[in-house]
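# Structural overview
The primary structure of each chain is shown beneath.
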Amino acid sequence: MENTALKIVVLVKHVPDAQFDRHLTDSSNTTDRLTSILSELDEYALEAALQLVETHGGADAGHQVIAMTMGPDGAVAAVKKALQIGATEGVHLSDEALAGSDAAATSLALSATINHIGDVDLVLTGMASTDGETSLVPAQLAERLDLPQVTFASTLELKDDDGGYQIVARRDGDTHLDNIESRLPAVVSVTDQINEPRYPNFKGIMAAKKKPLATLTLSDIGVDAADVGLAGSWTNVESAEPRPPRSHGVVITDEGDAGKQLVDFLEKQKLL
Ligand SMILES: Cc1cc2nc3c(=O)[nH]c(=O)nc-3n(C[C@H](O)[C@H](O)[C@H](O)COP(=O)(O)OP(=O)(O)OC[C@H]3O[C@@H](n4cnc5c(N)ncnc54)[C@H](O)[C@@H]3O)c2cc1C
């Protein structure tokens, strides 16, 4: 029996580029997103989606890989990059009222957007964003969507299951491996060990210009502004101060007693 076409949503966050100085805005202690990029850890999620599609009949099989982001106007760049890499279409949830959303508010808005898209078979995310790094959103999304969740997958396959698909994944723990199977639809976060993300090529960059990209607001997805943003978040950054500059550390000059100096230093630090 012909397998059904997959509708995969890949979450791509637009995050401050780590090569530049990252800081919070004075006004509301929220992240200054001026120099932002597609979060590197989400490139693994996008690659995983493209490989699943290619393994199950490719583009001709009618699969959809929808790159989705929540963020201010500039965040559309993350979706455009994902379209260049190979996503088939994009969704950008953008609304001023979302500014300052914490993880709970973010997962509320993202889950409402996924319900708005409808009939989604698989939600793929990175294991964490490279700015907030809370790793809270995937689990919260699964809870809000009432879907099974597989987090920190380092392998991911779909096996045929009676015209549909089953997820087969492995999670590498420190002391053990988990082999996990789940029905679809489901939410899966992947690690940076799962694959080697591809780069956009010239053909992909040109094709991306014609791919559909929808911009949605809170009213489109039926979310009340009071439930998101600084106002609707369960956590707020009360205050923030710059991290003290790193000290230069202790330099040991070996005059034949470097070993003793090192032991003295470690003892003083109560590390021995
Ligand atoms: C330094 C810092 C500390 C923070 N600390 C907290 C905190 O302690 N508690 C809290 O509730 N919030 C916190 N936040 C806010 C939090 O980062 C945002 O709410 C964010 O949108 C969601 O959390 P995250 O980035 O940690 O996502 P994670 O849960 O780390 O992200 C996992 C995956 O979810 C997807 N995802 C996350 N956000 C988006 C998005 N906007 N668009 C598309 N996909 C997305 C991505 O695929 C990402 O790989 C913090 C932010 C910063 C910058």
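Located above this text is the structure these notes cover.
Now for a description of the structure that goes with this document. (Residues numbered from 1 in each chain as written. Predicted model: local features only at pLDDT ≥ 70, side-chain atom pairs only at ≥ 80, totals over all residues. Heavy atoms only, no water.)

### What about the overall build of the protein?
Looking only at helices and strands, the protein has eight helices and 12 strands in total. Dimensions of the protein, computed from the C-alpha atoms along their principal axes, are close to 75 × 45 × 40 Å. For the protein, the proportion of its 272 residues judged to be buried stands at 42%. Within the protein, counting contacts between residues at least 6 apart in sequence, those at least 24 apart form 71% of the total. (Helix = DSSP H or I, 4+ residues; strand = E, 2+ residues; numbered from the N terminus. Buried < 20%, exposed > 50% of the residue type's maximum accessible area, 1.4 Å probe, protein only. Contact = heavy atoms within 4.5 Å.)

### Points about the site of the ligand
Around the ligand, 26 residues are found, and the nearest of them are Lys-13, Asp-42, Ser-101, Ser-129 and Thr-134. Burial of the ligand by the surrounding chains reaches 81%, relative to a free accessible area of 910 Å². For the shell around the ligand, the secondary-structure elements that each account for two or more residues are strand 4 (64–70), helix 3 (103–117), strand 6 (122–126) and helix 4 (137–145). Of the residues that constitute the shell around the ligand, the class distribution is 10 nonpolar, 11 polar and five charged. (Near = heavy atom within 4 Å. Areas by Shrake-Rupley, 256 points an atom, 1.4 Å probe, with all protein chains shown as cover. Nonpolar A, V, L, I, M, F, W, Y, C, P; charged D, E, K, R; others polar.)

### With respect to the pattern of salt bridges
Enumeration over the complete set of coordinates arrives at eight salt bridges. Of the charged contacts in the structure, one is a salt bridge between Lys-260 and Asp-264, with a shortest N-O distance of 2.7 Å. Taken together, the positions of Lys-260 and Asp-264, both in helix 8 (residues 258–268) and four residues apart, correspond to about one turn of that helix. The exposure class assigned to Lys-260 is exposed, which follows from its relative accessible area of 55%. Given the relative accessible area of 34%, Asp-264 is considered partly exposed. Residues joined in a network through salt bridges with shared partners are Glu-47, Glu-54 and Arg-198. (Salt bridge = Lys/Arg side-chain N within 4 Å of Asp/Glu carboxyl O.)

### Describing the pairing of strand 8 (residues 155–161)
Pairing geometry for strand 8 and strand 9 (residues 164–172), over seven bridges, is antiparallel. For Glu-157, the partnering residue across the bridge sits in strand 9 and is Val-168. Where strand 8 hands over to strand 9, the hairpin turn is made up of two residues, of which Asp-162 adopts a positive phi near 55 degrees. (Pairing = 2+ DSSP bridges.)

### Focus: the sheet that holds strand 5 (residues 89–93)
Within the open sheet, the seven strands sit side by side as 7-11-6-1-4-5-12. Their pairing is parallel. Every interior strand has two partners, whereas the edge strands, strand 7 (149–153) and strand 12 (213–216), have only one. Within the sheet, the average angular offset between the axes of one strand and its neighbour, ignoring direction, is 20 degrees. Relative to strand 4, helix 3 is tilted by about 145 degrees, and along the sheet it contacts strand 1 (7–11), strand 4, strand 5, strand 6 and strand 12. (Axes fitted to C-alpha atoms, helices over the stretch in contact; angles between N-to-C directions.)

### Quick notes on the nonpolar core
Buried together is how nonpolar side chains tend to be arranged in soluble globular proteins. By size, the foremost hydrophobic cluster in this structure holds 40 residues, and its most contacted members are Val-10, Leu-124, Leu-156, Ile-167 and Val-188. Of all the elements, helix 1 (residues 40–55) adds the most residues to this core, at nine residues. In this view, Val-188 contacts Leu-122, Val-123, Leu-124, Thr-125, Val-150, Ala-153, Leu-156 and Ile-167; residues no more than four positions away in its chain are not counted. Listed in part, the 26 residues of the second largest apolar core include Met-70, Leu-98, Val-123 and Val-137. (Core = buried A, V, L, I, M, F, W, Y, C linked by side-chain atoms within 4.5 Å.)

### What about the pairing of strand 9?
On a regular strand, each side chain points to the face opposite its neighbour's, so the side chains alternate between the two faces of the sheet. As paired elements, strand 9 and strand 10 (residues 177–183) share seven bridges and run antiparallel to each other. By the bridge assignment for strand 10, Asp-172 is matched with Leu-177. Here strand 9 hands over to strand 10 after four residues, the two strands then running antiparallel side by side.

### A look at the side chain of Glu-43
Counting through the fold element by element, Glu-43 comes out in helix 1. Excluding residues within four positions of it along the chain, Glu-43 makes contact with Leu-38, Lys-81 and Pro-197.

### Quick look at the sheet that holds strand 9
Taken in spatial order, the three strands of this open sheet run 8-9-10, and their pairing is antiparallel. Each edge of the open sheet is held by one strand with a lone partner, namely strand 8 and strand 10. Neighbour-to-neighbour, the strand axes of the sheet open up by a mean angle of 20 degrees, direction not taken into account.

### Things to note about the environment of Lys-159
Assignment of secondary structure puts Lys-159 in strand 8. Note: C-alpha distance between Lys-159 and Ala-214 (55 residues apart in sequence) is 31 Å.

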